[in-house]
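Spelled out from the first residue to the last, the chains are:
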Amino acid sequence: MGSITLTNVQKSYGAVHVLHDINLDIRAGEFVVFVGPSGCGKSTLLRVIAGLEKITGGELAIDGKRVNEVSAADRGLAMVFQSYALYPHMSVRQNLAFGLENSGMPKAEIAERIGEAARMLEIEQYMERRPGQLSGGQRQRVAIGRAIVRRPTAFLLDEPLSNLDAELRVSTRAEIAALHDRLKSTMIYVTHDQVEAMTLANRIVVMRAGKIEQVGAPLDLYNNPANRFVAGFIGAPHMNFIEGDVVESTGGTVVIKAANGEQFTAPVPLNGVTTGERLSVGIRPQHMGLSETGRGLPAKVRLVEALGSETVIHAEALGQKLLAIVPGQRHLSAGEAITLAYDGAPIHVFGANGQRVN
Amino acid sequence: MSRVTQFIFRRRGGKGWHWTDIATWVWLIGGLIIMFGPAVWLALSSFKTPAALAEFPPSILPYVSQQATVQGYDKPLTLFNATMPDGSTRVLAEVRRVGTVAQMVDPKAPAEIIKVNINQRTPVRSVSFSTENYVQPFLHFDFFRYLWNSVFVTVTATVITLVVNSMAAFALSKYEFKGRNAAMLVILATLMVPLSVILVPLYSIISTLGLFNNLWGVILPTVATPTGVFILRQYMLTIPDELIDAARMDKASEWQIYWRIVVPLTAPALAVLAIFSVVWRWNDFLWPLIVLSRRELYTLQVGLNIYSGELNVQWHFILAMTVVTMIPVVLVFIFLQRFITTGIAGTGLK
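Basis of the calculations
Residues numbered from 1 in each chain as written. Chains lettered and ligands numbered in written order. Predicted model: local features only at pLDDT ≥ 70, side-chain atom pairs only at ≥ 80, totals over all residues. UniProt positions renumbered as here; feature names shortened; annotations may be inferred. Helix = DSSP H or I, 4+ residues; strand = E, 2+ residues; numbered from the N terminus. Contact = placed C-beta atoms within 7 Å. Expected span 1.5 Å × (residues − 1). Buried ≥ 20, exposed ≤ 12 C-beta atoms within 10 Å, placed from the backbone. pLDDT = per-residue confidence, 0-100.

The name that an unreviewed UniProt entry assigns to chain B is sn-glycerol-3-phosphate transport system permease protein UgpE, with the source organism given as Rhizobium oryzicola. As recorded by UniProt, the Subunit (unreviewed entry) comment attached to chain B reads in full: "The complex is composed of two ATP-binding proteins (UgpC), two transmembrane proteins (UgpA and UgpE) and a solute-binding protein (UgpB)." Recorded in UniProt under Sequence similarities (unreviewed entry), the annotation for chain B is "Belongs to the binding-protein-dependent transport system permease family."

For chain A, an unreviewed UniProt entry supplies the name Sn-glycerol-3-phosphate ABC transporter ATP-binding protein UgpC and the organism Rhizobium oryzicola. Regarding chain A, the relevant UniProt record gives this comment under Subcellular location (unreviewed entry): "Cell inner membrane". The heading Sequence similarities (unreviewed entry) in the UniProt record of chain A holds the text "Belongs to the ABC transporter superfamily."

Asks: How would you sum up the environment of Glu213 of chain A? Please name residues and give values.
Replies: Residues and elements named next belong to chain A. Considering the arrangement of structural elements, one finds Glu213 in strand 10 (residues 211-216). A C-alpha to C-alpha distance of 9.4 Å links Glu213 and Gly36, two positions 177 residues apart in sequence. Apart from the residues lying within four places of it in its own chain, the contact partners of Glu213 are Val206, Met207, Arg208, Ala226, Asn227, Phe229 and Val230.

Asks: Provide a residue-level description of helix 12 (residues 267-283) of chain B, including the pertinent values.
Replies: Here helix 12 of chain B is 17 residues long and its end C-alpha atoms lie 24 Å apart, about the 24 Å a rise of 1.5 Å per residue gives. Ala269, Leu270, Ala271, Leu273, Ser277, Val278, Arg281 and Trp282 of chain B are the residues of helix 12 of chain B that are buried.

Asks: Before we move on, can you summarise the confidence of the model for chain B with the specific residues and values?
Replies: Residue and element names in this part refer to chain B. In the predicted model, chain B carries a mean pLDDT of 86, and the fraction of residues at 70 or more is 96%. In this model residues 343-350 is a low-confidence stretch, pLDDT under 50, and it forms 24 contacts with partners more than four residues away in sequence or in other chains. Two summary scores accompany this predicted model of the complex, namely pTM at 0.79 and ipTM at 0.84.

Next comes the structure, spelled out in structure tokens:
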């Protein structure tokens, strides 16, 4: 129970196409996170699945049944909204009961389900309060509770943590993960925060401009991004890209000429790369470091972010901005000349069209 | 009490008088007089006798001239304070007035006529409330029948107004459909059309429907108010769409969304419209006057018109009944005005 299949799903508002041919198969019990920059259509996709927006093309099926024409109320899904959307004039109890009353459930069962959800979410002591009298974190729990009592086929969560402060966000994130483990229901979670995506998801769907860029397990996306966009989006801080033209390609290494004319050698086995082709080489900041030997890429420090356990160095080399993360505390100041070294971890190479080539 | 005086007498500069303190007091007192002056004058005048109402210059308080029965005169005579040529003042009763000279007598020594210039005397008056202005209409005027008609018209029209207008506002604010803005524009455009323009066609419609001389004929044409739709729509636009989406996910029907989510959250705006509607319907005069021609159907405002005859206007009764008709409107305002300032929507969000 709880599989959702999207086949060539399209959504447009008049001439504006918001979703282009979305194909996605969400398995029962899976935790899927839609991630992407704002305006990429991830929330629209969630609303389409919820039935709050009608699709203009393609087919949507829940548990194998076509639901294109089924109203939001009858799809058996529950949604947690970004603003929580609790009914301000009802108490917490009434908020939880509203959906159950509407489906004509007997009072005893409503009370039982509410009691169970309240215990699970530890909101029993403020069941008679109104949403206005609750803190942000408490409202969040009530919003999740309202979804839980429905015992839905799947949970849809639309940026549920974005209104919480940083500390609460981390703890609530863990609770949502625990909730998924306990309930074992399908959850679809929308966020623009790639950390939430990485920590929660069984599979991440990276979206851009109404299209799915890549679908995969968090570490798959991290290790093997299909294109430059996914590479830049997944991982924090984002990946360094060094752009340049291929000068020479011999077995196992290529020599690339960067924008400022400097050349460097990339140890990559490349398939079908021709001389003169423009490439961008992606290296995660974690794999850049300060050279011990003095050999490497000469760079100039622009900004230093000392985080205590590690230091983020914003540097400039080859006419581009590069980030490096080095463990421990380093005493560097802006303007200082350093030499950046690369630790030899697998690197990512993308062609002119942004697709991965290695 | 000390906190009240502290509140009233606190000044901006701390110790001295800042010019803004003076400006504030002038502004507030001026406003108080402008706003409450007419109402207070109306209320006090409603206790005046017809003679006191005709007096010029008019007084604020209801006074009656004192009269005394003097030996040798059949009718009671009006008492005056007269200033004598030697500067002393005496209380005298006026017998008659000839030109600028009044012939007066001392009530204790009625035989002697004293001539006094009319500028040298002022009437002896005392404050007196003539409550018969209120009692008489209740006894001889069908007040309770008119009151009932007015209450029926006001309550029914207000209830229908709230229901119909909030439904229209809900559709115009929360549903996307072709021609939504055009519909809103047409509704707003009817604001520009005054009643007198549509009076004749409206009359023929009501007459054809057989609602002439029927209270429903007064109620029905007034219930769809563009102002009401506009106020409610603007308020409903501030209710987040996510709430309605949430209700939809919660299996609420469109009626339940309207009745259980949108209407309770629109309560402050509904209260405002309720106040407006009550005041409008209660004070309606022209339309009920046209539709109702049988006395037992008159509303209060039309009923009051009985006192202004072609030749004789009984101001004392009109004023008294005006005060009575004002009371319900004032009460409605006092009880509902707190809703105007209370907004409960939005508290459950963010």
